[in-house]
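What follows is the residue order along each chain.
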Amino acid sequence: MPLTEVQPVKTRTFSEEVAERLREAIRNGSLGAGSRLVEQEVAEQLGVSRVPVREAIQMLVEEGMVRKAPHRGAYVYLPTAYEIEEISSLRVVLECFVVERVIQNWNREHEERLRSIVAAMRAGMQGGDPQRIYEQDYAFHHALWEIAHHSLLLEVVSGLRSRLSRFLYEANSALSQEGASRHVDSHDEFIDVLKSGDVVTAQREIATHILSAKERILTHCQLAPVQSPAQTPTGTAAAEVVR
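> Describe in detail the packing of helix H5 (residues 108-126) against helix H6 (residues 130-148), supporting the description with residues and values.
Contact pair H5 / H6: the axes reach a minimum separation of 8 Å and the direction vectors enclose 165°. As judged from the angle between their axes, H5 and H6 are roughly antiparallel. Crossing hand, H5 versus H6: left-handed. Note on element contacts: H6 touches H5 through Arg132, Ile133, Gln136, Asp137, Ala139, Phe140, Ala143, Leu144, Glu146 and Ile147, opposite His110, Arg113, Leu114, Ile117, Val118, Ala120, Met121, Ala123, Gly124 and Met125. For the contact of H5 with H6, the per-class residue count stands at 13 nonpolar, three polar and four charged.

In structure tokens, the structure reads:
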């Protein structure tokens, strides 16, 4: 189980730090879907005892990034198409609520912060650095969650996104130069909508953004979309759900 992209833990640490190292390894693909997490191996590679590793693995199980099975132990999970649909549809509802709160709290400093993140994302795109694009994309969404100023909402929505982080990274890395450029530009356009104060349009845009990401993941994982009689709430419909 290679962890070549993860720096060893040089001093004694808590389980949360080990968990974050494992999260990052999953996000950047060092730990692929199905990879087993053997406590002793992880402990040796990160330079810690097995206790924080055991606790860290349990954290990831609770977050949905890792599964446990009899006779197999802990392993990085690969979501089914149905799970991706469920996560994405719930994200739409929650992110629409985020957007409503962001617009309520909006000020010039928020715009400057988000524009700076997009500029860094664009620099990563121009430099052919998918890891930087991914990191800044995550930073953009995390900034929105913070601007919304709702700690429980931040915890829930960030946890949902983390379940798909690795697949978002891989799917976005497979975009063409033109596709990556459109992806980055869409963030600047979204800031324009937030600045305008148009809640309904902003909610429609964030719903489209999330559902487009879902389609990229399904395509990358070669999974067929789930056919459901219930339509995923978007735009105004999603706004009604969260009110």
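> Describe the packing of aromatic side chains, naming the residues involved and giving the relevant values.
Scanning all chains against the criterion turns up two aromatic pairs. When the ring of Tyr134 is compared with that of Tyr169, the centres are 5.6 Å apart and the planes differ by 85°; the resulting orientation is edge-to-face. Of the two residues, Tyr134 sits in helix H6 while Tyr169 sits in helix H8 (residues 165-173), which places them 35 residues apart along the sequence. The pair formed by Tyr134 and Tyr169 is uniform in burial state, with each residue classed as buried. Here the aromatic rings of Tyr138 and Trp145 are separated by 5.9 Å at their centres, their planes lie at 85°, and the arrangement is edge-to-face. Judged by its relative accessible area of 2%, Trp145 falls in the buried class. Here Arg72 stacks its cationic end above the ring of Tyr75, 3.7 Å away from the centre of that ring.

> Residues and numbers for the side chain of His110, please.
Inspection of the secondary structure assignment puts His110 in helix H5. Sequence-distant contacts of His110, defined by excluding residues within four places in its chain, comprise Asn105 and Ile147.

> Report on the packing of H6 against H8, specifying residues and quantitative values.
Relative to each other, H6 and H8 sit at 130°, their axes nearing to 10 Å. Judged on the interaxial angle alone, H8 and H6 are oblique. Classified by chirality, the crossing of H8 by H6 is right-handed. Across the interface between the two elements, Pro130, Gln131, Tyr134 and Asp137 of H6 pack against Ser165, Tyr169, Asn172 and Ser173 of H8. Looking at the contact of H6 with H8, its residues break down into three nonpolar, four polar and one charged.

> Just give me the short version of helix H1 (residues 15-27), but keep the residues and values in it.
Since the α-helix turns once every 3.6 residues, residues separated by three or four places project in the same direction. An ideal rise of 1.5 Å per residue puts 18 Å on 13 residues; H1 measures up with 18 Å between its terminal C-alpha atoms. All of the buried residues in H1 are Ser15, Val18, Ala19, Leu22, Arg23, Ala25, Ile26 and Arg27. In this fold, the buried residues of H1 make contact with helix H2 (39-46), helix H3 (50-63), strand S1 (66-69), strand S2 (73-76), H6 and H8. Of the residues trailing H1, Gly29 is marked for its positive phi of about 90°.

> Quick one: what's the story with the pattern of salt bridges, residue by residue and with numbers?
Following the criterion strictly, the structure yields 18 salt bridges and no others. Glu83 serves as the salt-bridge partner of Arg67, at 2.9 Å between the closest nitrogen and oxygen. Of this pair, Arg67 sits in strand S1 while Glu83 sits in helix H4 (residues 81-105), and the two are 16 residues apart along the sequence. In this structure, Glu111 and Lys195 form a salt bridge, with 3.5 Å as the shortest nitrogen-oxygen distance. Placement of Glu111 in helix H5 and of Lys195 in helix H9 (residues 177-196) is noted, with a sequence separation of 84 residues between them. Salt bridges sharing partners connect three or more residues here, namely Glu111, Arg115, Arg122, Asp185, Asp188, Asp192 and Lys195.

About the cut-offs
- Residues numbered from 1 in each chain as written.
- Predicted model: local features only at pLDDT ≥ 70, side-chain atom pairs only at ≥ 80, totals over all residues.
- Heavy atoms only, no water.
- Axes fitted to C-alpha atoms, helices over the stretch in contact; angles between N-to-C directions.
- Helix = DSSP H or I, 4+ residues; strand = E, 2+ residues; numbered from the N terminus.
- Parallel < 35°, antiparallel > 145°, perpendicular 65-115°, else oblique.
- Left-handed = near helix turned anticlockwise from the far one by under 90°.
- Contact = heavy atoms within 4.5 Å.
- Nonpolar A, V, L, I, M, F, W, Y, C, P; charged D, E, K, R; others polar.
- Phe/Tyr/Trp six-rings, centres within 6.5 Å; stacked < 30°, edge-to-face > 60°.
- Buried < 20%, exposed > 50% of the residue type's maximum accessible area, 1.4 Å probe, protein only.
- Lys NZ or Arg CZ within 6 Å of the ring centre and 35° of its normal.
- Expected span 1.5 Å × (residues − 1).
- Salt bridge = Lys/Arg side-chain N within 4 Å of Asp/Glu carboxyl O.

Spatial relationships are all this shows, so hold off on functional conclusions.
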